Every structure is written in structure tokens, then in C-alpha cells.
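Structural features, examined
For reference, the chains in residue letters:
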Amino acid sequence: MPTPNDYARAAALSDEALVAECDEAFFVASGPGGQHRNKTETGVRLTHRPTGLVITATERRSQLQNRGVALERLRAVLTKKAHVDAPRIATRPGKGAKRRRLEGKRHTSAKKQSRRGGWD
């Protein structure tokens, strides 16, 4: 199981080094684009060996453009997985916060009690 440090290390690599860590596969991409797209292997699949991430790009009619898009996506996913949120630390309210909260409750209670009088 890769750690966030593994993702961060891979995201910091240059394009050439990152592609060197990947298995590239080209395949026929279907969809709009005409005969050029439907008969040539323009789809690109990058499999990052150290992390096991698989990214595909089939939007463009050019294999080179799809390769660039797949590399950008791979880098974005690596960067996202490298981020670790800081741990939250449980805290208790201070004396001043407790006092203000209780004063607010007393004020509300007094308002409601003043509404009750006079119906007897």
C-alpha cells in the first residue's frame, strides 16, 4: 500500500522520469473523430507501477496529445493523494466562553419568563 510520501515523491518527478515509472499502452479509442480516430491507436493508458494508478486519455485524435493529457491527470491524482490533512486536536471551551453561553441562556430564560405573567 503506497504512503502519501510515495505519491509526493512521484508527483515531484520530471515528466520523463514519471513516464519511465509507468507502463504505456496504446489502444483504439472509439467515438467521434472520424476514420483517423477509429482506425489508429490514439488512446493512451498509463499504469504507474509503484502506486498501481491507471489513467486513460482518449479525447484527442492525436496519440501525443492524449499522452500529455494522461500525464497531467496522473500528476494531478498523485498530488491529490499526497495531501494529508492535519490531525484535529480536541479542545474544551474556556471559562469566558462558558460564562458567555450561560449568560445568553439566562437572558433567554428571563425573556421567556417575562412573557408568562398576568394570565392567572
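Conventions we followed
- For every chain, the first residue of its written sequence is number 1, and the numbers climb from 1 along that sequence.
- Local features in a predicted model are, by the rule used here, given only for residues with pLDDT of at least 70; side-chain atom pairs are given and counted only at 80 or more, and totals for whole chains, interfaces and linings are based on all residues.
- In computing side-chain values, all of the structure's heavy atoms are included and hydrogens and water are not.
- For two strands to be treated as a pair, DSSP must find at least two bridges joining them.
- Helix and strand assignments follow DSSP, with helices taken as H or I runs no shorter than four residues and strands as E runs no shorter than two, numbered in order from the N terminus.
- Here the axes come from fitting lines to C-alpha atoms, over the contacting stretch only for helices, and the angles between their N-to-C directions go from 0 to 180 degrees.
- Contacts were defined at the residue level, with two residues in contact if any of their heavy atoms lie within 4.5 Å.
- Only buried residues count toward a nonpolar core. Its members are Ala, Val, Leu, Ile, Met, Phe, Trp, Tyr and Cys residues joined through side-chain atoms within 4.5 Å.
- Here's how the labels work: a residue is buried when its accessible area is under 20% of the maximum for its type, exposed when over 50%, partly exposed in between, all with a 1.4 Å probe on protein chains only.

**Observations regarding the sheet that holds strand 1 (residues 22-27)**
The three strands are arranged 1-2-3 in an open sheet whose pairing can be described as antiparallel. With one partner strand each, in any of the chains shown, strand 1 and strand 3 (54-57) form the two edges of the open sheet. Direction aside, neighbouring strands of the sheet carry axes that sit 15 degrees apart on average. Each of strand 1, strand 2 (43-48) and strand 3 is contacted by helix 4 (residues 63-82), which is oriented at about 30 degrees to strand 2, the strand it contacts most.

**Here we look at the nonpolar core**
When a protein is soluble and globular, its nonpolar side chains tend to lie buried together. Core analysis: the largest hydrophobic core is formed by 16 residues, its most contacted members being Leu18, Leu46, Leu53, Ala70, Leu71, Leu74 and Leu78. Those elements that provide at least two residues to this core are helix 1 (4-11), helix 2 (15-20), strand 2, strand 3 and helix 4. Of the residues forming this core, the biggest block, five residues, is contributed by helix 4. When sequence neighbours within four positions are dropped, the list of residues in contact with leucine 74 reads Leu18, Cys22, Leu46, His48, Leu53 and Ile55.

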